[in-house]
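# An overview of the molecular structure
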Amino acid sequence: MSDHPSTFRGGSTDSSTLDWHDRASIHLKNVGEGILHGMGALHRGSLAEMVAMVAAMPPERREEVVIEKAGDHRLDTAEILDLSRRADFPR
């Protein structure tokens with residue numbers, strides 16, 4: 001899954017594929033975006049690891065966190081659970 005469309009030679013990127021090995025981190029949802037925000041990660045690892053970790057959390061805890069994926073993409077609970085149900089999700 002591309003974080004943004006490519007501008008190199010005007011081509012587009014394939015958003016149907018997802019790099020499960022991409023860097024990701026779990027953060028509390030309602031924490032500010034200050035200069036030290038990156039240090040506030042609760043967990044770091046691959047996107048697959050972070051999705052599996054959040055999907056395994058109790059529902060009330062899931063609502064307190066987001067996943068920040070490389071490329072400044074923030075995944076909320078619904079998107080995380082959708083990813084965990086994909087056929088290509090590494091189990």
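Being a predicted model, the structure only gives us computed values, none of them experimental.

### Side note on the side chain of Lys69
Note that Lys69 resides in strand S3 (residues 65-69). Its relative accessible area of 5% is what places Lys69 among the buried residues. Here Asp22 takes part through its side chain, which lies 2.9 Å from a polar atom of the side chain of Lys69.

### With respect to the pattern of salt bridges
If you walk through the whole model with that rule in mind, you get 6 salt bridges. Between Lys29 and Glu63 there is a salt bridge, and its shortest N-O distance comes to 3.9 Å. One end of the pair, Lys29, is in the loop between strand S1 (23-28) and strand S2 (43-46); the other, Glu63, is in the loop between helix H2 (59-62) and S3, and 34 residues separate them in sequence. Assessed through its relative accessible area of 47%, Glu63 is described here as partly exposed.

### Quick word on the packing of helix H1 (residues 47-55) against helix H3 (residues 77-84)
Contact geometry for H1 and H3: axes closest at 9 Å, N-to-C directions at 110 degrees. Considering their axes alone, H1 and H3 lie roughly perpendicular with respect to each other. In this structure, H1 uses Val51, Val54 and Ala55 to contact H3, whose residues at the interface are Ile80, Leu81, Leu83 and Ser84.

### Notes on the sheet that holds S3
Taken in spatial order, the 4 strands make up an open sheet running S2-S1-S3-S4, and their pairing is antiparallel. With partners counted over all chains shown, the strands left at the sheet margins are S2 and strand S4 (73-75), one partner each. Each strand axis lies, on average, 30 degrees off the axis of its neighbour in the sheet, ignoring direction. Here S1 pairs with S3 via 5 bridges, running antiparallel.

### Focus on H3
Those residues of H3 that fall on the buried side of the exposure criterion are Thr77, Ile80, Leu81, Leu83 and Ser84. Each buried residue of H3 sits inside an arc of 155 degrees when the element is viewed along its axis, so together they form one side.

### What about H1?
If you check which residues of H1 are buried, you get Leu47, Ala48, Met50, Val51 and Val54. In a view along the axis of H1, the buried residues occupy a sector of 165 degrees, so they form one face of it. Taken together, the buried residues of H1 touch S1, S2, H2, S3, S4 and H3.

### Some details on the environment of Asp76
The topology assignment puts Asp76 in the loop between S4 and H3. For the pair formed by Asp76 and Glu63, sequence separation is 13 residues and the distance between their alpha carbons is 8.2 Å. Here Glu79 takes part through its backbone nitrogen, which lies 3.0 Å from a polar atom of the side chain of Asp76.

Calculation rules
Starting afresh in each chain, residues are numbered from 1 along the sequence in its written order. For this predicted model, a pLDDT threshold of at least 70 governs which residues receive local features, and a threshold of 80 or more governs which side-chain atom pairs are given and counted, while totals over whole chains, interfaces and linings are taken from all residues. With hydrogens and water excluded, all non-hydrogen atoms of the structure serve as input to the side-chain values. Segments assigned H or I by DSSP are reported as helices when at least four residues long, segments assigned E as strands when at least two residues long, and all are numbered from the N terminus. Burial status follows relative accessibility: with a 1.4 Å probe on protein chains alone, a residue under 20% of its type maximum counts as buried, one over 50% as exposed, and anything between as partly exposed. Polar contacts here mean pairs of N or O atoms no more than 3.5 Å apart (in protein, one a potential hydrogen donor and the other a potential acceptor; neighbouring residues in sequence count only if both atoms are side-chain atoms). By convention in these notes, a salt bridge is any Lys or Arg side-chain nitrogen within 4 Å of a carboxyl oxygen on Asp or Glu. Lines fitted to the C-alpha atoms define the axes, with helices restricted to the stretch that makes contact. Angles between their N-to-C directions range from 0 to 180 degrees. Any angle between 65 and 115 degrees counts as roughly perpendicular, while under 35 counts as roughly parallel, over 145 as roughly antiparallel, and the rest as oblique. Contacts are assigned to residue pairs that have any heavy atoms within 4.5 Å of one another. Strand pairing is defined by DSSP finding a minimum of two bridges between the two strands. Regarding the arc, it is the one traced by the directions from the helix axis to the C-beta atoms.

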